[in-house]
Amino acid sequence: MSNIRNGANQCRNLNHGRMNVPISFCPDCGQRFKPSNSAPCGSQHHADYRKQRFTFCMDCGIKLNK
Ligand SMILES: [Zn+2]
Ligand SMILES: [Zn+2]
């Protein structure tokens, strides 16, 4: 197990400093916090995330198109 410290990651997302992160991937840098759910995301789901200005999907980790 390798823990990733904040110092090594320039991402400002607050979830990096949490013990129990409620999401699977960081929406800002795409780093995985925990294994993602097996259920695939739908395109509407990603469209909603794009509206919220996320760079990555928090559930599957793919990069969202701008
Ligand atoms: Zn991040
Ligand atoms: Zn997704």
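For the structure given in this document, a descriptive report is provided here. Being a predicted model, the structure only gives us computed values, none of them experimental.

Topic: the nonpolar core
At step 1: Within the largest apolar cluster, five residues are counted, these being F25, C26, F56, C57 and M58.
At step 2: Once residues within four sequence positions are removed from consideration, M58 is found in contact with I23, S24, F25 and P27.

Digging into unusual backbone geometry
At step 1: A positive phi is found at R53, a non-glycine position, where the angle reads about 65°.
At step 2: The residue R53 is located in the segment after α1 (43-51) in this model.

Side note on the environment of R50
At step 1: Note on placement: R50 falls in helix α1.
At step 2: Distance from R50 to N65, taken between C-alpha atoms, is 7.6 Å for residues 15 residues apart in sequence.

Re α1
At step 1: Burial within α1 is sparse, with just zero of its nine residues counted as buried.
At step 2: Immediately downstream of α1, the backbone of R53 shows phi near 65°, a positive value.

Criteria and cut-off values
- Residues numbered from 1 in each chain as written.
- Chains lettered and ligands numbered in written order.
- Predicted model: local features only at pLDDT ≥ 70, side-chain atom pairs only at ≥ 80, totals over all residues.
- Core = buried A, V, L, I, M, F, W, Y, C linked by C-beta atoms within 7 Å.
- Buried ≥ 20, exposed ≤ 12 C-beta atoms within 10 Å, placed from the backbone.
- Contact = placed C-beta atoms within 7 Å.
- Helix = DSSP H or I, 4+ residues; strand = E, 2+ residues; numbered from the N terminus.

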